[in-house]
Amino acid sequence: MRTRHFVILLAGIPLASSGQAAEKYCESSPAVREELKQLDLKARKVTGANRLEALKRLAEEAVARHPDDFFVHLRSQQLVRSRKQRERQALIDRYKALADQHPKDPKYAVLYARALLGANTPLAIEVLKKAAAGEADPQVHLALADVYSYGKFADRAQTRAQLDAYFAACPASLDDRALSLLTRYGAPETIAKQAAALRERLTTETDPDLLRSWEHAWNLEFKARPVQEHEALRKQIAADLERLETISTSKDDRWAGFLVSGYRMAGEPEALRHAED
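Rules behind the numbers
Residues numbered from 1 in each chain as written. Predicted model: local features only at pLDDT ≥ 70, side-chain atom pairs only at ≥ 80, totals over all residues. Heavy atoms only, no water. Helix = DSSP H or I, 4+ residues; strand = E, 2+ residues; numbered from the N terminus. Contact = heavy atoms within 4.5 Å. Expected span 1.5 Å × (residues − 1). Buried < 20%, exposed > 50% of the residue type's maximum accessible area, 1.4 Å probe, protein only. Arc of directions from axis to C-beta. pLDDT = per-residue confidence, 0-100. 1 Å grid on protein atoms, 1.4 Å probe; cavity = no way out; pocket = protein on both sides within 12 Å on 5 of 7 lines; lining within 4 Å. Points joined across faces, edges and corners; volume = space filled by probe spheres on them. Nonpolar A, V, L, I, M, F, W, Y, C, P; charged D, E, K, R; others polar.

Novice: What am I meant to see in the environment of leucine 198 here?
Specialist: By secondary structure assignment, the location of leucine 198 is in helix 12 (residues 188-202). Along the sequence, leucine 198 and cysteine 26 sit 172 residues apart, while their C-alpha atoms lie 14 Å from each other. Once residues within four sequence positions are removed from consideration, leucine 198 is found in contact with Ala172, Ser173, Leu174, Leu179, His216, Ala217 and Leu220.

Novice: Whenever I open this one, helix 3 (residues 30-44) confuses me. Can you help?
Specialist: Given 3.6 residues per turn, any residue in an α-helix points the same way as the ones three and four places further on. The terminal C-alpha atoms of helix 3 lie 21 Å apart, and with 15 residues this matches the ideal 21 Å at 1.5 Å per residue to within 8%. All of the buried residues along helix 3 are Val32, Glu35, Leu36, Leu39 and Ala43. Angularly, the buried residues of helix 3 cover 95 degrees about the axis, an arc narrow enough to put them on a single face. Packing partners of the buried residues in helix 3 comprise helix 4 (51-65) and helix 5 (70-80).

Novice: Where do I start with the confidence of the model for the chain in this structure?
Specialist: In low-pLDDT regions, the fine details of the predicted coordinates are not to be read closely. Here the chain averages 90 in pLDDT, while 91% of its residues score no lower than 70. Considering only residues more than four positions removed or in separate chains, one finds that residues 1-20, a stretch of pLDDT under 50, has 36 contacts.

Novice: Sorry, what's going on with the side chain of threonine 159 here?
Specialist: Checked against the element boundaries, threonine 159 lands in helix 10 (residues 156-169). With residues up to four places along the chain from it excluded, the contact list for threonine 159 reads Ala145, Tyr148, Ser149 and Tyr185.

Novice: How should the layout of surface pockets be read in this particular structure?
Specialist: Over the atoms rolls a probe the size of a water molecule, and its path tells where empty space is left. Its volume calculated, the largest pocket comes out at about 1200 Å³. Arg75, Gln78, Asp175, Asp176 and Arg177 are, among the 31 residues lining the largest pocket, the residues nearest its centre. Only helix 3, helix 5, helix 9 (137-147), helix 11 (176-185), helix 13 (208-211) and helix 14 (214-224) provide two or more residues apiece to the lining of the largest pocket. In terms of residue count, the dominant contributor to the lining of the largest pocket is helix 5 (five residues). Split into classes, the residues belonging to the lining of the largest pocket amount to nine nonpolar, seven polar and 15 charged.

If you want it as structure tokens, here you go:
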């Protein structure tokens, strides 16, 4: 425990704040989650030479409907991010202006830092550190975990420290990026703790869009358990899937893909063939 705190202090980042203020930066509300789902469905249909412009329009429309929502802004950034210097700079300038206009609202500082990643990562780190200890602290830690997970800034100890801080503020989070980072880089004790927390949360969940997070839970459980327990875990996954198929009859291709992946994890060839049909 001392080592973890020492690493965080070295980075100049205090532990994530707790309470209701920070919780709203753990995951989107149900209404916003539906907005983002529809946004993604529309974005997947966009093709052609003018794809970027069409994505920009979709992103702008979503932001116009939810101008103050962090997660809508973040997804909009992801949709329109481009490798072209002019486009990247326009995105950076936009979020710098928003951060300057709202100096007391840390979400815009985090969004500005996210826009900077890959273009001026040292400045992004500086912006994130200044935004720490505010209500958007979970997203500060998640962004820093991203920064320290790869490339010239790769630092396994820092990645783990930031993930520990994020999940301390957001236990049982269903954030895809956070869970993917945890599976790849997390400390064993954090992986085990979050695997248990996810199973507890998802056992009572009925929303198909959230139930797909079972795949993260299973991946974490494989990481948390010794190899000699993996066969029992495969049987548990098969039982989970059997129950899940009674909860949702969704024909969504993402749900079908989730079932295929799950039965592959479970080592159930007959059920896998059925899911693939």
